[in-house]
Number of protein chains: 2
Amino acid sequence: MVHEKDLALLVDLYELAMAQAYWAEGMHDTAVFSLFFRELPESRNFMLACGQQQVATVIETLKFSREHIKRLESLDRFQPGFLEWLGKFRFSGHIRAVPEGTPLFPQEPLLEIEAPIAEAQILESLVMNYVHLETVLASKAVRVKLAAGDRPVVDFGMRRMHGMDAAHRSARAFRLAGLAGTSNVLAGLDFGLTVSGTMAHSFVQAYSDEMDAFRVYARLYPGTTLLVDTYDTRRAVRRIAEWLKQDPEARVSAIRLDSGDLVAESRDCRAILDEAGLEDIRIMASGGQDEYEIARLTAADAPIDGFGVGTAIGVSNDAPALELAYKLTEYAGQPRMKNSSGKQSLPGAKQVFRQHAPDGQMRGDVIGGREEVFDGEPLLSPVMKHGVVLLDAIHSPDDQAHYAMAAIRALPPELRELAPAGRFPVIISRYLKALQADTLRRMQRGLSSS
Amino acid sequence: MVHEKDLALLVDLYELAMAQAYWAEGMHDTAVFSLFFRELPESRNFMLACGQQQVATVIETLKFSREHIKRLESLDRFQPGFLEWLGKFRFSGHIRAVPEGTPLFPQEPLLEIEAPIAEAQILESLVMNYVHLETVLASKAVRVKLAAGDRPVVDFGMRRMHGMDAAHRSARAFRLAGLAGTSNVLAGLDFGLTVSGTMAHSFVQAYSDEMDAFRVYARLYPGTTLLVDTYDTRRAVRRIAEWLKQDPEARVSAIRLDSGDLVAESRDCRAILDEAGLEDIRIMASGGQDEYEIARLTAADAPIDGFGVGTAIGVSNDAPALELAYKLTEYAGQPRMKNSSGKQSLPGAKQVFRQHAPDGQMRGDVIGGREEVFDGEPLLSPVMKHGVVLLDAIHSPDDQAHYAMAAIRALPPELRELAPAGRFPVIISRYLKALQADTLRRMQRGLSSS
């Protein structure tokens, strides 16, 4: 597995190649890079920005060790002077970002980095990888949570997440998105989340009678959840009901259904339990759950009290990637933009102003220049100055979850639905539009004069 | 980021809970767990098994440190005796696996673990996470390579992969799948892969005239690739052609197109270059490439000489997850199986025999019991014995790539196509079927007698 100490080498070669070119050319002026996405995935009405504060703490300690420099030498591409520069590299710039848990729309910066151009360029893949993962997963998980309403959703996704780093960091992103806990022990301990888990089919199978497995678990873990679908769900629940009626010492909180027709099975199980006076025993559902399945179960009024969700949130299966872009928007005080077919970008450092109606509902956003002032709440604020993370920019997952929940509640109701909604109104300021037109003209002049 | 030393805690809570129950009940008998997938994703004709040897090397050194034990104590779920057992845990079992780079089909084990049941149970999520990631990504990348044919494909996916561990391990999986190199510096150095990279749009934008950016790069990196679509592709290529005609010292190997109508643009660029006598300069394409786009460009005879592929292979965008299952198939010498609705499994330890026609083409597979013998090549072989990785089970990425390439060449031609093909013939042995029927009968007797 990759070591944290090697993070600096987790860089795309071209970033180091460009940095050497800037170094060789003496180009040390300040650049502004902006991280944003061009379009929402079809099945998303907003993205929940996540990972910006996390990556700032990583950048703060990023450095190339002597061993890294030696390994880079072996690539036969880098000059001694540049490798010396790299050995002394510590990020010295500023980062402004929207708070983690902010719903965002196309063209709105998640963060902006302002630093000598080589420093900002080196961070490209690291910043994108960090923010992409957490934003993609949180944006899926929040849909699952919206579908589940007040019923708790627990993350069971570790086994199908893409690698160990994803399995770890995702749990924090899911907390921001409103999930109640995780099955992942390390992530739970590291981020202060509720760790939960029941039993696997293998445990039931290891006994010749599944009731033995249930009895052992209830004795060892009073208040446990029993997995009832290994052989015959209804039969298992009937036998559990009989046992619990006869043994008032046994404490079972819930049963878990992991397969089959969950509407019919949850109803039958509920009826069996209620008939036995076991109204307190909850029914949990897992196995292929996602926001659509949860909405279907809810619409059918299935008596399910909570959900374990794995693959759908673990890989954001319907939208595993976001077209996140990290673009140069200013260099040496001059606005910069790209004019590639279908990928035109907005020049200049920016601010996003979020405007609310008197009842608190979000009405629209304005994307303006960094120095402009509009009505509304400015979303981007400093997270790092001169390479040092600002302490008041770091918040606990619980605080971030509360912030996110409030922000999501303020979304127009149709954006909180699972179905595709109309576009949220985002206005580009006149200044930015004029700057774009002007930059384009200057670029065309530059092209035609040469 | 997660530390390698903490890998043992990257476990789902239920695995530790079940292990404690086995410990408390004195259940130390040998279990066999089998890792397989139930169905192919719709857009896959086979999966390329990958990650099995890698995870064995991780399991070999897996242990719970004193600090881990202290942190587990804080969960208030574990007894001192069990934590002591956990502190002494070293995996003592055996692992058999198919070679990395083997094309596999539903129900065929990628690996089987044989160990005291608690030891094998603890590994569940770790084994699944490791093998899932690499198998999913290699199985996508091999499609891209099949579409590209002899033209090199380079991995540009780091920025959109799910976390740093995925960004690192994927590069090795892609090498197995036939890719020519990676942009990821650390992965390239660690796995001995070709590291490559060009320039970003930001580099072009940092200069007021893009020709200055091109000249700097060609001087610093003779034989470089120039990114030509930042403003006006054809104009950029015309100016490059003029420059190179006038300056025979300048060495440029290729241009890269990253947007636009790649059929039209590659033809126009080829014509401009050829007219200037620059037939040697290759044309690379990137930007939203996947196997379908590459097939489309190939069908249109677009003069493209190589591809940089990012998102599609980085997250396996059309099939980011595989329904991989890790199931108990034997305990204390008795076959075990699950009978959940739609998820019935095959009991017992297994072997897969791959049968070839005289011309070398794969004809069919037989899944049999571990002790059965059939015609054909047995695919599962020991990778670890008594907790120690067998040295002759570890191969270099290049050797694995050659193995995979030969195996893929032997696939029936329709399975190498992008379109969904018919099912590859996989037969379950009579013995396994009888064992399944028998196990089912015993389970039903067990249920009805209680």
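Residues numbered from 1 in each chain as written. Chains lettered and ligands numbered in written order. Predicted model: local features only at pLDDT ≥ 70, side-chain atom pairs only at ≥ 80, totals over all residues.

Engineer: Can you tell me about the relation of the copies chain B and chain A, naming the residues and giving the values?
Structural biologist: Between chain B and chain A, the superposition needs a rotation of 180° and an axial shift of 0.0 Å, giving an RMSD of 0.0 Å. Here the symmetry operator amounts to a two-fold rotation axis. With an isologous cut-off of 70% or more, the 100% of interface residues of chain B that recur at the interface of chain A puts this contact in the isologous class. (Least-squares fit on C-alpha atoms with pLDDT ≥ 70 in both. Contact = placed C-beta atoms within 7 Å.)

Engineer: For the packing of helix α2 (residues 52-60) of chain A against helix α6 (residues 124-148) of chain A, give the residues involved together with the corresponding values.
Structural biologist: Residue and element names in this part refer to chain A. Two elements in contact, α2 and α6, have axes separated by 9 Å at closest approach and are oriented at 150°. In terms of their interaxial angle, α2 and α6 are classed as roughly antiparallel. The element α2 and its partner α6 pack so that their crossing is right-handed. Touching Gln52, Gln54, Val55 and Val58 of α2 are Leu126, Val127, Tyr130, Val131 and Glu134, all from α6. For the contact of α2 with α6, the residue count by class is 6 nonpolar, 2 polar and 1 charged. (Axes fitted to C-alpha atoms, helices over the stretch in contact; angles between N-to-C directions. Helix = DSSP H or I, 4+ residues; strand = E, 2+ residues; numbered from the N terminus. Parallel < 35°, antiparallel > 145°, perpendicular 65-115°, else oblique. Left-handed = near helix turned anticlockwise from the far one by under 90°. Nonpolar A, V, L, I, M, F, W, Y, C, P; charged D, E, K, R; others polar.)

Engineer: Run through the environment of Val352(A), naming residues and quoting values.
Structural biologist: Residue and element names in this part refer to chain A. As for its placement among the helices and strands, valine 352 is situated in strand β14 (residues 350-356). Overall, valine 352 belongs to the buried group, with 24 C-beta atoms counted inside 10 Å. Remark: the alpha-carbon pair of valine 352 and proline 41, spanning 311 residues in sequence, is separated by 21 Å. (Buried ≥ 20, exposed ≤ 12 C-beta atoms within 10 Å, placed from the backbone.)

Engineer: For the interface of chain B and chain A, give the residues involved together with the corresponding values.
Structural biologist: At the interface, 91 residues of chain B touch 91 residues of chain A. In the side of chain B that touches chain A, the residues fall into 44 nonpolar, 29 polar and 18 charged.

Engineer: I'd like a rundown of the pairing of strand β1 (residues 30-37) of chain A, residues and numbers included.
Structural biologist: Residue and element names in this part refer to chain A. Of all 8 residues making up β1, 7 are buried, and the element is well covered by its neighbours. Pairing of β1 with strand β5 (residues 111-116), which is carried by 6 bridges, proceeds in the antiparallel orientation. Following the sheet pairing, valine 32 is matched in β5 by glutamate 114. (Pairing = 2+ DSSP bridges.)

Engineer: Got a sec to walk through the nonpolar core? Specific residues and values, please.
Structural biologist: Of all hydrophobic cores here, the largest spans 292 residues; its most connected members are Ala138(A), Ala141(A), Ala177(A), Ala138(B), Ala141(B) and Ala177(B). When neighbours within four sequence positions are excluded, Ala177(B) is seen to be in contact with Leu48(B), Ala138(B), Ala141(B), Val142(B), Lys145(B) and Ala404(B). (Core = buried A, V, L, I, M, F, W, Y, C linked by C-beta atoms within 7 Å.)

Engineer: How would you sum up the sheet that holds strand β12 (residues 324-331) of chain B? Please name residues and give values.
Structural biologist: All names here are of chain B. With antiparallel pairing, 7 strands are arranged side by side in an open sheet as β13-β12-β1-β5-β3-β17-β18. Because the sheet does not close on itself, it has two edges, and the strands there are β13 (334-335) and β18 (388-389). Strand direction decides the pairing type here: strand β3 (residues 94-97) and strand β5 (residues 111-116), joined by 4 bridges, are antiparallel. Residue pairing for β5: histidine 94 is matched across the bridge by glutamate 114. The sheet contacts of helix α2 (residues 52-60) involve β3, β5, β17 (381-385) and β18, and relative to β17 the element is tilted by about 15°. Along the sheet face, helix α6 (residues 124-148) touches β1 (30-37) and β12 and points at about 135° away from the line of β12.

Engineer: I'd like to hear about the sheet that holds strand β16 (residues 377-378) of chain B, residue by residue, with values.
Structural biologist: Residues and elements named next belong to chain B. On the basis of which strands lie adjacent, the open sheet formed by 4 strands has the order β16-β14-β15-β19 and mixed pairing. For this open sheet the edge positions go to β16 and β19 (426-428), each flanked by a neighbour on one side alone. Looking at chain direction, strand β14 (residues 350-356) and strand β15 (residues 362-369) are connected through 7 bridges and run antiparallel. Across the sheet, valine 352 pairs through a bridge with isoleucine 367, a residue of β15.

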